[in-house]
Amino acid sequence: LVWLRFGILALIAASITPYGPESMLLTVRILGIGDALGVIGEWRPQDFGHIGTFEIVLLLALGAALWRGFVLSPVRILALLAILHLALSAQRNGELLGLLAPIFLVGPVARQFPALARAPVEKLGAAGTLVATVILAALVPATFAIAAAGDFRPASRITPAAAVAALRQATDGPILNSYDFGGYLIANGIPTFIDGRTELYGGAFTARYNNAVTLADLDDFVKLLDEYRIDATLLWPGTPAIAFLDRLPGWRRIHSDGTAVVHVRSGGR
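Residues numbered from 1 in each chain as written. Predicted model: local features only at pLDDT ≥ 70, side-chain atom pairs only at ≥ 80, totals over all residues. Heavy atoms only, no water.

*Asks:* What am I meant to see in unusual backbone geometry here?
*Replies:* Trans peptide bonds make up most of the peptide bonds, and negative phi angles are found at most residues other than glycine. Located in the positive-phi region is Leu-215, a residue other than glycine, with phi close to 65°. Topologically, Leu-215 is positioned in the loop between α9 (198-213) and α10 (218-227). A positive phi angle, close to 50°, is found at Arg-229, a residue other than glycine. Its location among the elements puts Arg-229 in the loop between α10 and β2 (232-235). (Helix = DSSP H or I, 4+ residues; strand = E, 2+ residues; numbered from the N terminus.)

*Asks:* What should I look at first to understand the sheet that holds strand β3 (residues 251-256) in this one?
*Replies:* By definition, the strands of a sheet pair up through backbone hydrogen bonds, in either a parallel or an antiparallel sense. On the basis of which strands lie adjacent, the open sheet formed by four strands has the order β1-β2-β4-β3 and mixed pairing. In this open sheet, the two strands that pair with only one neighbour each are β1 (175-177) and β3. The average undirected angle you get between the axes of adjacent strands in this sheet is 20°. Where β2 meets strand β4 (residues 261-265), four bridges bridge the pair, whose relative direction is antiparallel. For Ala-232, the partnering residue across the bridge sits in β4 and is Val-264. (Pairing = 2+ DSSP bridges. Axes fitted to C-alpha atoms, helices over the stretch in contact; angles between N-to-C directions.)

*Asks:* For this particular structure, what's the right way to read the environment of Val-28?
*Replies:* Positionally, Val-28 belongs in helix α2 (residues 22-31). The exposure class assigned to Val-28 is exposed, which follows from its relative accessible area of 57%. Val-28 sits 201 residues away from Arg-229 along the chain, and the two C-alpha atoms are 33 Å apart. (Buried < 20%, exposed > 50% of the residue type's maximum accessible area, 1.4 Å probe, protein only.)

*Asks:* Is there a simple way to explain the side chain of Arg-76 in this structure?
*Replies:* In this structure, Arg-76 sits in helix α4 (residues 74-89). Of the side chains with opposite charge, Glu-95 comes closest to the buried, unpaired Arg-76, at an N-O distance of 22 Å. Here Phe-104 takes part through its backbone oxygen, which lies 2.9 Å from a polar atom of the side chain of Arg-76. Not counting chain neighbours up to four residues away, the residues in contact with Arg-76 comprise Trp-3, Ile-103, Phe-104 and Pro-108. (Lys, Arg positive; Asp, Glu negative; His and termini not counted. Salt bridge = Lys/Arg side-chain N within 4 Å of Asp/Glu carboxyl O. Polar contact = N/O pair within 3.5 Å; in protein donor to acceptor, adjacent residues only side chain to side chain. Contact = heavy atoms within 4.5 Å.)

*Asks:* Would you explain the packing of α9 against α10 in this entry?
*Replies:* Between α9 and α10, whose axes approach to 8 Å, the crossing angle comes to 115°. For the pair α9 and α10, the sense of crossing is left-handed. On α10, the residues that touch Arg-208, Ala-212 and Val-213 of α9 are Asp-220, Phe-221, Lys-223, Leu-224 and Glu-227. Each residue belonging to the contact of α9 with α10 can be placed in one class, and the counts come to four nonpolar, no polar and four charged. (Left-handed = near helix turned anticlockwise from the far one by under 90°. Nonpolar A, V, L, I, M, F, W, Y, C, P; charged D, E, K, R; others polar.)

*Asks:* Could you clarify how one ought to interpret helix α3 (residues 53-68) in this entry?
*Replies:* In an α-helix there are 3.6 residues to a turn, and that puts residues three or four apart on one side. Compared with an ideal rise of 1.5 Å per residue, which puts 16 residues at 22 Å, α3 spans 22 Å between its outermost C-alpha atoms and is within 8% of the ideal. Turning to α3, its buried residues are Phe-54, Glu-55 and Leu-58. Seen end-on, α3 carries its buried residues on one side only, within an arc spanning 95°. Facing away from the buried surface of α3 by more than 90 degrees, the exposed residues are Thr-53, Val-57, Leu-60 and Trp-67. The inward-facing, buried residues of α3 contact α4 and α5 (94-112). Gly-69 sits one or two positions beyond α3 and adopts a positive phi of about 70°. (Expected span 1.5 Å × (residues − 1). Arc of directions from axis to C-beta.)

What follows is the structure in structure tokens.
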């Protein structure tokens, strides 16, 4: 009964947004895209082909549970397994596991192992309080100093500034862009062919786009260029379609660097 009340209240709280329950419905629509999600990096399953942070943390947690014998109620176990499934099924959900798992673990673990529970503040004593105050006093200015000195900007691999500058000089017509460049193009007022709003494009369009630029369907790539009256392409250097465009009559490469390659039509459509 307690968990039922929690679920109802959580559902109500999640609906208190400017869009009402639309945020939850959006998630359903995204997951409904199906196999097309597999072509988007953040929606791909976790990669255990090499040791990574997610795997290390997960193995340490499993080892600790086996070593200390943590016992959870069936409801908490089901909740953790559901969150773990989400984290394994999509890379972007790894943080979700780290955020929600402690909520289900902290109470039972503290009751089963009182020594692991955090001591109340009043038990720290004067010395402990002084140390905590000094640490806090040092962290605040250090945070501001790091923020002031840091160079915080999007990664260069998704900000093709030089390529966009070359593109602007060559044409203002429709372009076909790599998925990861969508955000940068939107920020610069350039209409995108595809971007991170996958739920708007749908699974069929996303899959078609991926098959075209990877040359899994070469004929459809050429058809796509004509169907959408594409005047230029802005593609990540490793995209298979680039080598094809280098040899495709009516197209020429005008820019190339480590971030993006630009081709434009050299004649009429």
